[in-house]
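Fold and geometry: a report
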Amino acid sequence: MPSQSSPSAQRQPAPPRVVPGPPAPPGRGGGLDSDRPAAARRSVISLPVSVPSVSLLGSRDEFLRVIEEAFTATISVRGNEVTVHGDPGEVSMVERLFDELVTVVRSGQALSADAVGRSAAMVRDRGGEQPSAVLTRNVLSSRGRTIRAKTLNQKRYVDAIDAHTLTFGIGPAGTGKTYLAVAKAVQALQAKSVSRIVLTRPAVEAGERLGYLPGTLSEKIDPYLRPLYDALRDMIDPEAIARLMTSGVIEVAPLAYMRGRTLNDAFIILDEAQNTTPEQMKMFLTRLGFGSRIVVTGDVTQVDLPRDTRSGLRVVQEILGGVEDVDFVHLTQHDVVRHSLVGRIVAAYDRFDNAV
C-alpha cells in the first residue's frame, strides 16, 4: 500500500474521477520541482473503492514508482486519491493511464510492474491504442492459463494474423513471434476453422552441418524443431499432442519436407525464416492451398546462411510488399517479453551494427 495511504473511505463505485483544482505544493513523487512551467495543472484522481488501491499502485508502491519514472508530473497519494501536478500534457496522460489501469483490473487481470510500464509507454506514444484493449485481448485460453498480447506491436501482429491469409512477423528474439503464432494456430484448430496445423523450420544452424552430427536423420532434425514442440506443450496436453501428431492433425517437419505439397485447410507456420534462401521461401509460400493461412516468423539480424547467400526473409519483403492479403509486422526490442536484460542486449547489438 502507498506509504501515505490510509484505509479507503467508502465511496460510490466509479471510474477514476478527475477533480481539477488550484496548484498545490508537490508531494511524494518523482516529478520535477524546479523549472515547472507557470501554467502547471493540478488534478485529483479518485480511485474507485471497488478496486483495491494496492492492485493499482502495487505492493509498497511498486507500480506507482514505475508511473513516476514514466512521467515528469509530481504524483502524491492520500487514501484513494491520487494528486497529480505538473505540465498539463503530462497530467492528462497520467489521468488516462489510471483510467486504463482501472479497466484492466476490473477485467479480472492482475497488473505487474512490466504491464504498468508498457501501458505508460503506450499512453505516451499517443498512437490512439488503448492499453486496456491490448492487455485484455485474449489470444488463447488453455490448460488453465490465458495467453495475451503484452505490447502494442504484439496486438497488431495478432490482428494481422486474423485479417490476412499471409502474415510475416519480423523481429528480434523474445518478442513472441513464434509463441503467438502457435497460439493462433491452436485457437484456429479448436475453433475448427482449420483441420490441421503444420509447423516447419529450415534445418540450418550456426557453425555446423547436419551431416556431421551423430544419430539418425530424425535425431539430427529434432533439436531444430524443439522450440515448436515447446510452444505446443504450453498450450496442449502432452498426451493430446502425441495423439494429434499420430493422426496427422499436427505436423512438425523440416522445411525440405514441404516441397511438392499443397496444404489445404491448414494453419501453417514457417519459423526461423531468416535461414531460408529466396528459392526456399518461394517454394514454401506456393504450398498455400484453399482454406489455409500462413504465418512466417524470423529475425533478419540472426541469419545463419553462408555469407554470400541472401536471406529469403529479406528478399520477400521487397517482392511482396504491397501485395493484397499480405501483411508485414515488425517487432522491436521494445516488444521483448523475456527478461528485461534481453531487450537491452538487443538494443546494444542494434547500436553496434548501425555503427559498423
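Residues numbered from 1 in each chain as written. Predicted model: local features only at pLDDT ≥ 70, side-chain atom pairs only at ≥ 80, totals over all residues. Heavy atoms only, no water.

Secondary structure assignment for the protein chain yields 12 helices and 12 strands. Expressed as a percentage of contacts within the protein chain between residues at least 6 apart in sequence, the contacts between residues at least 24 apart total 74%. Carbon and sulfur atoms make up 52% of the accessible area of the protein chain, which totals about 17600 Å². (Helix = DSSP H or I, 4+ residues; strand = E, 2+ residues; numbered from the N terminus. Contact = heavy atoms within 4.5 Å. Areas by Shrake-Rupley, 256 points an atom, 1.4 Å probe, with all protein chains shown as cover.)

Right, let's talk about the confidence of the model for the protein chain for a bit. One rule of thumb: low pLDDT means the predicted coordinates there are not for detailed reading. Here the protein chain shows a mean pLDDT of 84. Residues at 70 or above account for 82%. Considering only residues more than four positions removed or in separate chains, one finds that residues 22-34, a stretch of pLDDT under 50, has 30 contacts. Below pLDDT 50 for its whole length, residues 206-210 participates in 6 contacts with residues either more than four positions away or in separate chains. (pLDDT = per-residue confidence, 0-100.)

Counting buried positions along strand E4 (residues 81-86) yields 5 of 6 residues, so the element is predominantly enclosed. Inspection of the sheet shows strand E2 (residues 41-46) paired to E4 by 6 bridges, in the antiparallel sense. In the sheet register, Ser 46 faces E4, and the bridge partner there is Glu 81. Two strands pair when backbone bridges link them, and strand E3 (residues 74-78) and E4 are joined in this way by 5 bridges, in the antiparallel orientation. The partner of Arg 78 across the bridge, within E4, is Glu 81. Between E3 and E4, which pair antiparallel one after the other, the connecting turn spans 2 residues, and Gly 79 there sits at a positive phi close to 65 degrees. (Buried < 20%, exposed > 50% of the residue type's maximum accessible area, 1.4 Å probe, protein only. Pairing = 2+ DSSP bridges.)

Turning our eyes to something else, we now look at the packing of helix H6 (residues 152-163) against helix H7 (residues 177-190). Interaxial distance between H6 and H7 falls to 11 Å at its minimum, and their mutual angle equals 40 degrees. Overall, the two elements H6 and H7 adopt an arrangement that is oblique. Note that H6 runs across H7; the crossing there is right-handed. Two secondary-structure elements touch here, H6 through Gln 154, Tyr 157, Val 158, Ile 161 and Asp 162 and H7 through Lys 177, Leu 180, Ala 181 and Lys 184. A per-class count over the contact of H6 with H7 returns 5 nonpolar, 1 polar and 3 charged. (Axes fitted to C-alpha atoms, helices over the stretch in contact; angles between N-to-C directions. Parallel < 35°, antiparallel > 145°, perpendicular 65-115°, else oblique. Left-handed = near helix turned anticlockwise from the far one by under 90°. Nonpolar A, V, L, I, M, F, W, Y, C, P; charged D, E, K, R; others polar.)

The next subject is the pattern of salt bridges. Side chains that differ in charge, positive against negative, can pair when their charged atoms come close. Scanning all chains against the criterion turns up 11 salt bridges. One salt bridge in this structure joins Arg 124 and Glu 90, with 2.8 Å as the shortest N-O distance. Remark: Glu 90 occurs in helix H3 (residues 88-106) and Arg 124 occurs in helix H4 (residues 113-125); sequence separation between them is 34 residues. When its relative accessible area of 9% is taken as the criterion, Glu 90 is described as buried. Arg 201 is the partner of Glu 272 in a salt bridge, and the nearest nitrogen-oxygen pair spans 3.4 Å. Linking Glu 272 in the loop between strand E10 (266-270) and helix H10 (278-285) with Arg 201 in strand E8 (residues 196-201), this pair joins segments that are 71 residues apart in sequence. Judged by relative accessible area, which is 26%, Glu 272 ranks as partly exposed. Here the salt bridges do not stand alone but share partners, grouping Arg 137, Lys 155, Asp 159, Asp 162 and Lys 184 into one network. (Salt bridge = Lys/Arg side-chain N within 4 Å of Asp/Glu carboxyl O.)

The next thing to look at is the side chain of Thr 200. Position of Thr 200 among the secondary structure elements: in strand E8. Setting aside its immediate chain neighbours within four residues, Thr 200 contacts Leu 228, Ala 253, Pro 254, Leu 255, Met 258, Ile 269, Leu 270, Asp 271 and Phe 284.

Here we come to the nonpolar core. Ranked by size, the top nonpolar core spans 35 residues in total, and within it Val 186, Leu 232, Met 235, Ile 236, Val 252, Phe 267 and Ile 269 carry the most contacts. Among the elements that make up this core, the one with the highest residue count is H7 (8 residues). Filtering out sequence-adjacent residues up to four positions away, Leu 232 remains in contact with Val 182, Val 186, Leu 199, Ile 241, Ile 250 and Val 252. Membership of the second largest hydrophobic core comes to 30 residues, among which are Val 66, Ile 67, Leu 97 and Phe 98. (Core = buried A, V, L, I, M, F, W, Y, C linked by side-chain atoms within 4.5 Å.)

This brings us to helix H2 (residues 62-70). Every buried residue of H2 is accounted for by Phe 63, Leu 64, Val 66, Ile 67 and Glu 68. Turning to H2, the residues buried within the fold contact helix H1 (53-57), E3, H3 and H4.

For Arg 60, which is not a glycine, the phi torsion comes out positive at approximately 55 degrees. The residue Asp 265 is not glycine, and still its phi comes out positive at about 50 degrees. By the secondary structure assignment, Asp 265 is in the loop between strand E9 (250-254) and E10. Judged by relative accessible area, which is 31%, Asp 265 ranks as partly exposed.

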